[in-house]
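Here are the chains, one letter per residue:
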Amino acid sequence: MSTVRNIALITSGGDAPGLNGAIAAIAQTPDVNLYFYHGGFDGIIEQDPIAISPTTAREAVQQGELLCFSGRSTHMLHEAGQKRVLEKLKQDCIDALIVCGGNGSAQGARSLSAGLPVAVVPMTIDNDIGGSEYTIGHDTAVNAIAESLHRLRQTAANLPGRIFMVETFGGRCGQLPLAAAVAASADIVLLPEYELNIDKFITEVNARSARGKSVIIVVSEGIYLNKRFSAGDQGVSFALARALEESTGKRVRLSILGYTQRAGDPTSYDCLMAKQMGQCAVDALLNGEKAMLVALKEGRVKAIPLTAIEQAPTLAKELLQLAFKENQLIQLEG
Ligand SMILES: Nc1ncnc2c1ncn2[C@@H]1O[C@H](COP(=O)(O)OP(=O)(O)O)[C@@H](O)[C@H]1O
Ligand SMILES: O=P(O)(O)OC[C@H]1O[C@](O)(COP(=O)(O)O)[C@@H](O)[C@@H]1O
């Protein structure tokens, strides 16, 4: 018989559609009481736990608004803050904690694992947790970007010869713009992992534009232009567009997708992944696991030690190969 009965859940860092599915799977587990703290790690210190009923959770699976509000916390970056979190969880009679978030949140969870059992459910549209092939919310965001690219292609076809630029999230890892660009067959994708030679970029766009067709360029918000980038800074495409305009004499049609790409009702794939990942997290905790990351590995959802998280996520090589084949990756071309 497991000693874990009262499980608390937080969402931490950037929100991501689909997570309600994980909450539903956990909330419907027999002999488990599920509680939230709104507001990430800070919420644990500042708020009372809120009990969530299995019915409420089940009804919210397909909705884009998360049942548990996310947050970013500075307390967690210091030992004293981590201690306060553990003390409050003890005071609230919580036996185990599920942290839903990305790399940073996983590090936070790890720092608490000496004090109580923790499981991390990967949640970020960026799909940038080294150790899991998937993070909840990614598919919905890829769909949102791909849909925008599809629409642009239609207006591009109706009035040919224009240059379009679409700036996306995924500042520290290009998995998101890469997946969307491949899915929607954009012409060029610029990723933060590789250095950008502006002259080469301009020459390439000029050459493609000279063929009379429209050119659709996907740009990660974190593309290398200067080293002062912080995730969430948007607008790098203004400078790129200006450089292109000056050399081509053609106006660049610019769209910054911003937070619209991080919202929306989740795709069924995200609902399915979230349910499986939530189930895996609660099973691991009930089985006595102490510090786990729920991960997709070789297509299967499983619990792996938190220590197995690799710091630097790597771009999916299958997607890189496809993008390379379609001449989208001009940063890597000779
Ligand atoms: N090195 C760390 N040690 C402890 N907690 C951390 C660390 N890095 C991040 N966190 C916690 O995780 C939260 C979310 O991290 P962030 O990097 O913003 O998002 P994500 O989890 O999506 O990567 C931070 O606000 C902080 O509370
Ligand atoms: O919500 P914020 O603080 O503006 O952050 C924006 C960042 O959040 C993300 O959407 C997701 O990032 P995390 O999941 O790592 O928090 C990034 O793609 C983007 O750069």
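Residues numbered from 1 in each chain as written. Chains lettered and ligands numbered in written order. Predicted model: local features only at pLDDT ≥ 70, side-chain atom pairs only at ≥ 80, totals over all residues. Heavy atoms only, no water.

The protein chain appears in an unreviewed UniProt entry as 6-phosphofructokinase from Shouchella clausii. Per its UniProt entry, the protein chain bears the Subcellular location (unreviewed entry) comment "Cytoplasm". Per its UniProt entry, the protein chain bears the Cofactor (unreviewed entry) comment "Mg(2+)". (UniProt positions renumbered as here; feature names shortened; annotations may be inferred.)

1. Some words on the overall build of the protein chain
Assigned secondary structure in the protein chain consists of 11 helices and 11 strands. Relative to a compact globule of 334 residues, whose C-alpha radius of gyration would be 20 Å, the protein chain shows 21 Å and is just as compact. With respect to the principal axes defined by its C-alpha atoms, the protein chain has extents near 70 × 40 × 35 Å. Put simply, the protein chain has 334 residues, and 53% of those count as buried. When contacts within the protein chain are restricted to residue pairs at least 6 apart in sequence, those whose partners lie at least 24 apart make up 73%. On the protein chain, roughly 15100 Å² of surface is accessible, and the fraction owed to carbon and sulfur atoms is 49%. Charge centroids of the protein chain, computed over 30 positive and 35 negative side chains, lie 4 Å from each other. (Helix = DSSP H or I, 4+ residues; strand = E, 2+ residues; numbered from the N terminus. Rg over C-alpha atoms; globule rule 2.2 N^0.38 Å. Buried < 20%, exposed > 50% of the residue type's maximum accessible area, 1.4 Å probe, protein only. Contact = heavy atoms within 4.5 Å. Areas by Shrake-Rupley, 256 points an atom, 1.4 Å probe, with all protein chains shown as cover. Lys, Arg positive; Asp, Glu negative; His and termini not counted. Charge placed at Lys NZ, Arg CZ, Asp CG, Glu CD.)

2. Points about the pattern of salt bridges
Tallied over the full model, the rule gives six salt bridges. Between Glu87 and Lys83 there is a salt bridge, and its shortest N-O distance comes to 3.9 Å. Of this pair, Glu87 and Lys83 both sit in helix α4 (residues 79-91), four residues apart, which is roughly one turn of the helix. We classify Glu87 as partly exposed; its relative accessible area is 45%. (Salt bridge = Lys/Arg side-chain N within 4 Å of Asp/Glu carboxyl O.)

3. Quick word on the packing of helix α1 (residues 20-27) against helix α10 (residues 268-286)
The relative placement of two packed helices comes down to the angle between their axes together with the axis-to-axis distance. Two elements in contact, α1 and α10, have axes whose closest approach is 7 Å; the angle formed by their N-to-C orientations is 40°. With respect to α10, the element α1 is oriented oblique. For α1 against α10, the interelement crossing comes out right-handed. Where α1 approaches α10, its residues Gly21, Ala22, Ala25 and Ile26 are matched on the opposing element by Ala274, Lys275, Gly278, Gln279 and Val282. For the contact of α1 with α10, the residue count by class is five nonpolar, three polar and one charged. (Axes fitted to C-alpha atoms, helices over the stretch in contact; angles between N-to-C directions. Parallel < 35°, antiparallel > 145°, perpendicular 65-115°, else oblique. Left-handed = near helix turned anticlockwise from the far one by under 90°. Nonpolar A, V, L, I, M, F, W, Y, C, P; charged D, E, K, R; others polar.)

4. Focus on the site of ligand 1
In the neighbourhood of ligand 1, 13 residues make up the surrounding shell, with Arg72, Ser73, Gly102, Ser105 and Gln107 lying closest. In the model, a nitrogen atom of ligand 1 is placed 3.0 Å from a nitrogen or oxygen of the Gln107 side chain. If you tally residues by element for the shell around ligand 1, the top one is helix α5 (residues 103-112), at five residues. Per-class residue counts for the shell around ligand 1 are three nonpolar, nine polar and one charged. (Near = heavy atom within 4 Å. Polar contact = N/O pair within 3.5 Å; in protein donor to acceptor, adjacent residues only side chain to side chain.)

5. Description of the site of ligand 2
Taken together, 14 residues lie around ligand 2, and Arg72, Thr124, Asp126, Glu221 and Tyr259 are the ones closest in. Contacts to ligand 2 include Asp126, whose side-chain N or O atom sits 2.7 Å from an oxygen atom. For ligand 2, the accessible surface in isolation is 480 Å², of which the surrounding protein chains cover 84%. Per-domain counts for the shell around ligand 2 show at least three residues from each of domain 1 (6-137 + 266-310) and domain 2 (139-262). (Domains from an automatic or database assignment.)

6. With respect to the pairing of strand β4 (residues 96-101)
Among the six residues that make up β4, six are buried, leaving the element largely enclosed by the rest of the structure. The sheet contact formed by strand β1 (residues 6-11) and β4 spans five bridges and is parallel. Looking at the pairing, Ile7 lines up with Ala96 of β4. Regarding the hand of the β-α-β motif, the stretch spanning β4, α5 and strand β5 (residues 118-122) is right-handed. (Pairing = 2+ DSSP bridges. Right-handed = clockwise from strand over helix to strand, strands pointing away.)

7. Section: α4
Relative to the 18 Å expected for 13 residues at 1.5 Å per residue, α4 spans 18 Å between its end C-alpha atoms, a close match to the ideal helical length. Taken from the residues just after α4, Cys93 is the one with a positive phi, measuring 60°. (Expected span 1.5 Å × (residues − 1).)

8. Focus: the side chain of Gln175
In this fold, Gln175 is placed in helix α7 (residues 175-183). Gln175 sits in the buried class, given a relative accessible area of 5%. Separated by 3.2 Å, the side chain of Gln175 and the backbone oxygen of Thr314 make a polar contact. For Gln175, the residues in contact, after removing those within four places along its chain, are Asp126, Asn127, His138, Thr314, Leu315, Ala316 and Leu319.

9. Considerations on α10
With 19 residues, α10 should cover 27 Å at 1.5 Å per step; its first-to-last C-alpha distance of 27 Å lies within 8% of that length. Two residues or fewer after α10 comes Gly288, characterised by a positive phi angle close to 90°.

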